[in-house]
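# Examining the three-dimensional arrangement
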Amino acid sequence: SDEQLQQHFDATIERDQRIEPRDWMPEGYRKTLVRQIAQHAHSEIIGMQPEGNWLTRAPSLRRKAILLAKVQDEAGHGLYLYSATETLGADRDDLTGKLVGGRQKYSSIFNYPTLNFADIGVIGWLVDGAAIVNQVPLCRCSYGPYARAMIRICKEESFHQRQGYELLMTMMRGTDEQREMVQDATDRWWWPSLMMFGPPDGDSPNTQQSMAWGIKRHTNDELRQKFVDMTVPQAEALGVSLPDSGLVWNPERGHYDFSEPDWSEFKQVIGGNGPCNAQRLERRRAAHEDGQWVRDAAAAHAAKENARKEG
Ligand code: 3HC
């Protein structure tokens, strides 16, 4: 009976064990996983645009090769995650339609412009740094395919973060102008990076249920705090300041206190009115349309192959 199925599901979650595609699961569990994994996949694919913007203008062949590898990794992460949604019965074309139609979200962080090459380093350092803090706990997500995808993705993210930090270290050892570029990029990307973790816990409609289902292992504010605590020493080692006069070590808490991000800006950006939302979606829509002939050719080839086999 459904009663027994629900009890078995609850007991599995209770025991901190994995739910696999063929297991019975409450409709709400499936729906929130499709929502989160699809939006995670969309984030990876849209995230290729701000970085791709500098591929043809990288300052050296080495930097170009590294950036090429990173953008390629993001595409792979996206495909990996779309495959995870398919284990839940989602359809990839349908999800792409929802993305370009503005009916599903992608990470707010990718709606900000990349103005110069220091941005590429800061994205590696702060954005991939934040992504790692958010994604490592997802390796223990109760849904098997998502958790396993995360293990592979987290390994590649740490390379992304390290190459960004190394790039910035190189610039900080360069000219005054390069140091100013790194500081300017840090000032522009710091607050949007904190917003990547989502709204404050009191304003997060999904956190409680996602925690109960073992999808989320920490709340938005807990992960945001972890990221701040981890990043402040890195900024000091780099020799840049962080743009928050309220950022100060609190010995009682054993954490850094920091000012509230601008949640009205966050709401604007996830509502589609950030600096680059329109161009990001337009670019994705155009790429999808331009790729129609590839999908048609692949489908025609597959049909011929099947006919030949059955022939
Ligand atoms: N950008 C866009 N939308 C966001 C957001 C953000 N930074 N933070 C929250 N939201 C949305 C949520 O999707 C939700 O809207 P929805 O119900 O329409 O989906 C709403 O705001 C309320 O937020 P909640 O906290 O209640 O939602 P969640 O429980 O889903 O938490 C989350 C949001 C922390 C982003 C969670 O979904 C999550 O951990 N997702 C997986 C990680 C992820 O997507 N990371 C993207 C980082 S970018 C990346 O990975 C690329 C990197 O390699 C560079």
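Residue positions are given per chain, counting from 1 as you read along its sequence in written order. Given that this is a predicted model, residues contribute local features only at a pLDDT of at least 70 and side-chain atom pairs are listed and counted only at 80 or more, while totals for whole chains, interfaces and linings are drawn from all residues. Side-chain metrics in this entry use all non-hydrogen atoms of the structure; hydrogen atoms and water are not considered.

Looking at an unreviewed UniProt entry, one finds the chain named Ring-1,2-phenylacetyl-CoA epoxidase subunit PaaA, with Halopolyspora algeriensis as its source organism.

### Digging into the site of the ligand
Note the cut-off: We call a residue near a molecule or strand as soon as one heavy atom of that residue lies within 4 Å of the molecule or strand. Under this definition, polar contacts are N or O atom pairs within 3.5 Å; protein pairs additionally need one hydrogen-donor-capable and one acceptor-capable atom, and for neighbouring residues in sequence, both atoms have to be side-chain atoms. For every accessible area listed, the method is Shrake-Rupley and the probe measures 1.4 Å; residues are considered covered only by the protein chains on display. Numbering of helices and strands starts at the N terminus; helices are DSSP runs of H or I of at least 4 residues and strands are runs of E of at least 2. When residues are sorted by character, Ala, Val, Leu, Ile, Met, Phe, Trp, Tyr, Cys and Pro go into the nonpolar class, Asp, Glu, Lys and Arg into the charged class, and all the rest, Gly among them, into the polar class.
Within the structure, the ligand sits among 31 residues, and R35, K105, S108, E157 and N220 are positioned closest to it. At a separation of 3.2 Å, a nitrogen atom of the ligand approaches a polar backbone atom of M196. At a separation of 3.0 Å, an oxygen atom of the ligand approaches a polar backbone atom of N206. Contact with the protein chains removes 89% of the 1,000 Å² of surface that the ligand exposes when unbound. Among the elements of the structure, α2 (27-46), α6 (117-135), α7 (144-172) and α11 (263-273) are those that each provide at least two residues to the shell around the ligand. Of all the elements, α2 adds the most residues to the shell around the ligand, at six residues. Classifying every residue of the shell around the ligand by side-chain character gives twelve nonpolar, twelve polar and seven charged.

### A look at unusual backbone geometry
For D16, which is not glycine, the phi dihedral falls at a positive 60°. Along the chain, D16 turns up in the loop between α1 (2-14) and α2.

### Observations regarding the packing of helix α12 (residues 277-290) against helix α13 (residues 292-310)
Convention followed: Axis definition: a line fit to C-alpha positions, over the contact stretch in the case of helices; interaxial angles, taken between N-to-C directions, run 0 to 180 degrees. Whether two residues touch is decided by their heavy atoms; if any such pair falls within 4.5 Å, the residues are in contact.
Interaxial distance between α12 and α13 falls to 4 Å at its minimum, and their mutual angle equals 35°. Side by side, α12 and α13 meet where H288, E289 and D290 of the first sit next to Q292, W293 and R295 of the second. By residue class, the composition of the contact of α12 with α13 is one nonpolar, two polar and three charged.

### With respect to the nonpolar core
Keep this limit in mind: In this description, a nonpolar core means a group of buried Ala, Val, Leu, Ile, Met, Phe, Trp, Tyr and Cys residues linked to one another through side-chain atoms lying within 4.5 Å. Accessibility here uses a 1.4 Å probe with only protein chains present; expressed as a share of the type maximum, an area under 20% marks a residue as buried, one over 50% as exposed, and anything in between as partly exposed.
Of all hydrophobic cores here, the largest spans 50 residues; its most connected members are W125, W189, W190 and F227. Secondary structure elements with two or more residues in this core: α4 (61-86), α6, α7, α8 (176-195), α10 (220-238) and α11. In terms of residue count, the dominant contributor to this core is α6 (eleven residues). Leaving out residues up to four positions away in the same chain, W189 has contacts with I109, Y112, P113, T114, D119, V122, I123, L126 and V127. Listed in part, the 29 residues of the second largest apolar core include M25, I37, L95 and L138.

### Some points on the packing of aromatic side chains
What describes a pair of aromatic rings is the distance from one ring centre to the other and the angle between the planes of the rings. To keep things clear, this is the line we draw: Aromatic pairing here means that ring centres of Phe, Tyr or Trp (its six-membered ring) are within 6.5 Å. Orientation follows from the plane angle: under 30 degrees is stacked, over 60 is edge-to-face, and everything else is tilted.
Counted by the stated rule, this structure contains ten aromatic pairs. Taking 5.6 Å as the distance between ring centres and 85° as the angle between the ring planes, the aromatic pair formed by Y29 and W213 counts as edge-to-face. Of the two residues, Y29 is situated in helix α2 and W213 in the loop between α9 (207-212) and α10; the sequence distance between them amounts to 184 residues. The same class applies to Y29 as to W213, namely buried.

### As for the side chain of R63
Along the chain, R63 turns up in helix α4. When its relative accessible area of 9% is taken as the criterion, R63 is described as buried. Once residues within four sequence positions are removed from consideration, R63 is found in contact with A58, F117, Q163, E166, L167 and T170.

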